[in-house]
Amino acid sequence: MARVILLGEDADLRRLLVDHGHEVLPGGDSTDPVRSCAEALEFNHSLLSASGLAVAVYAEDGACLFANEALSRVVGGTREQLLRQDFRKNESWRRWGLLAMAERTLANGQDSRGEFYMYTCFGRHVWLECQAAAMASGGRRLLLMTARDVTEQKRAEGALQDRMRELDGLNRFAQGRINDLVQAQETLEARTRRMEALL
């Protein structure tokens with residue numbers, strides 16, 4: 001389902017959009033297109049700023065143009081610190097593979113996604129599930145990055161794998177003891193048969 005900002009009150013268009021599963025949001029006064037566009041831009045900015053999904057927009061040269069509070073919480077820096085960053089000069093991005101994904105996305109224009117373990121330049125160890133998309137605005141190429149903190153999920157997966165290895169070891173130990181018991185029983189039965197044959 002997409003959210004659509006409808007400029008003006010076109011009841012037929014609104015009904016068509018709703019019938020196709022879209023959420024229609026008010027777009028303001030359609031008699032003043034500049035004001036309507038400004039309201040739509042303000043709405044989009046507010047939506048991205050308030051989003052729980054970590055979002056940043058970078059210029060192609062690397063300068064950070066937008067970063068929301070969710071991203072600052074994930075990486076451990078302030079929004080102001082993020083806005084002063086240049087992803088092309090960010091050593092954490094280079095070291096942990098995020099820079100390669102960003103450059104590939106800008107070069108081929110195709111969305112990229114990946115999981116990255118990183119030690120952020122703000123001193124936080126974090127697993128991120130990231131998506132990068134190339135976009136254009138005002139004649140400039142931009143990089144849209146979204147990130148989701150999957151650190152707890154990765155820790156849980158690691159703990160589960162450790163437990164499974166432990167259980168596998170116990171299973172092999174138990175299977176070995178069962179094999180020993182079966183062999184001992186077979187030996188005992190063979191001796192019993194030999195003794196019975198002697199009697």
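So, here's what we can say about the structure. The model shown is predicted, which means the values in this text are computed figures rather than measured ones. (Residues numbered from 1 in each chain as written. Predicted model: local features only at pLDDT ≥ 70, side-chain atom pairs only at ≥ 80, totals over all residues. Heavy atoms only, no water.)

### Remarks on the pairing of strand E7 (residues 140–149)
For step 1, the next point in the chain: Two strands pair when backbone bridges link them, and strand E3 (residues 54–59) and E7 are joined in this way by six bridges, in the antiparallel orientation. Bridging from a neighbouring strand, Ala 56 pairs with Met 145 of E7.
For step 2, the next point in the chain: When strand E6 (residues 125–137) meets E7, the two strands line up antiparallel, connected through ten bridges. Paired with Ala 132 across the bridge in E7 is Met 145.
For step 3, the next point in the chain: Once E6 ends, the chain turns through two residues before running back antiparallel as E7, passing Gly 138 with a positive phi of about 60°. (Pairing = 2+ DSSP bridges. Helix = DSSP H or I, 4+ residues; strand = E, 2+ residues; numbered from the N terminus.)

### Description of the nonpolar core
For step 1, the next point in the chain: Counting 26 residues, the largest nonpolar core has Tyr 58, Phe 87, Trp 93, Leu 98, Cys 130, Leu 143 and Met 145 as its most contacted members.
For step 2, the next point in the chain: Secondary-structure elements contributing two or more residues to this core are E3, strand E4 (64–67), helix H3 (69–75), helix H6 (98–108), strand E5 (112–119), E6 and E7.
For step 3, the next point in the chain: By residue number, the principal contributor to this core is H6, which donates five residues.
For step 4, the next point in the chain: Ignoring anything within four residues of it in the chain, the contact list for Met 145 reads Ala 54, Val 55, Ala 56, Tyr 58, Trp 93, Leu 98, Met 101, Cys 130, Gln 131 and Ala 132. (Core = buried A, V, L, I, M, F, W, Y, C linked by side-chain atoms within 4.5 Å. Buried < 20%, exposed > 50% of the residue type's maximum accessible area, 1.4 Å probe, protein only. Contact = heavy atoms within 4.5 Å.)

### What to know about the pattern of salt bridges
For step 1, the next point in the chain: What the rule picks out here adds up to seven salt bridges.
For step 2, the next point in the chain: In this structure, Glu 60 and Arg 141 form a salt bridge, with 3.4 Å as the shortest nitrogen-oxygen distance. Of this pair, Glu 60 sits in the loop between E3 and E4 while Arg 141 sits in strand E7, and the two are 81 residues apart along the sequence.
For step 3, the next point in the chain: Overall, Glu 60 belongs to the partly exposed group, its relative accessible area being 34%.
For step 4, the next point in the chain: With a closest N to O distance of 3.2 Å, Glu 129 and Arg 148 form a salt bridge. Pair noted here: Glu 129 is in strand E6 and Arg 148 is in strand E7, with a separation of 19 residues, a long-range link.
For step 5, the next point in the chain: Relative accessible area serves as the criterion here: at 26%, Glu 129 is assigned to the partly exposed category.
For step 6, the next point in the chain: A relative accessible area of 38% places Arg 148 in the partly exposed class. (Salt bridge = Lys/Arg side-chain N within 4 Å of Asp/Glu carboxyl O.)

### Here's the deal with the side chain of Thr 151
For step 1, the next point in the chain: With respect to the element layout, Thr 151 can be found in helix H7 (residues 151–198).
For step 2, the next point in the chain: Given a relative accessible area of 7%, Thr 151 falls into the buried group.
For step 3, the next point in the chain: Polar contacts involving the side chain of Thr 151 include one to the side chain of Asp 149, which spans 2.6 Å.
For step 4, the next point in the chain: Excluding anything up to four places from it in sequence, Thr 151 contacts Val 126 and Trp 127. (Polar contact = N/O pair within 3.5 Å; in protein donor to acceptor, adjacent residues only side chain to side chain.)

Interpretation note: all reported values are geometric properties and have no functional meaning in isolation.
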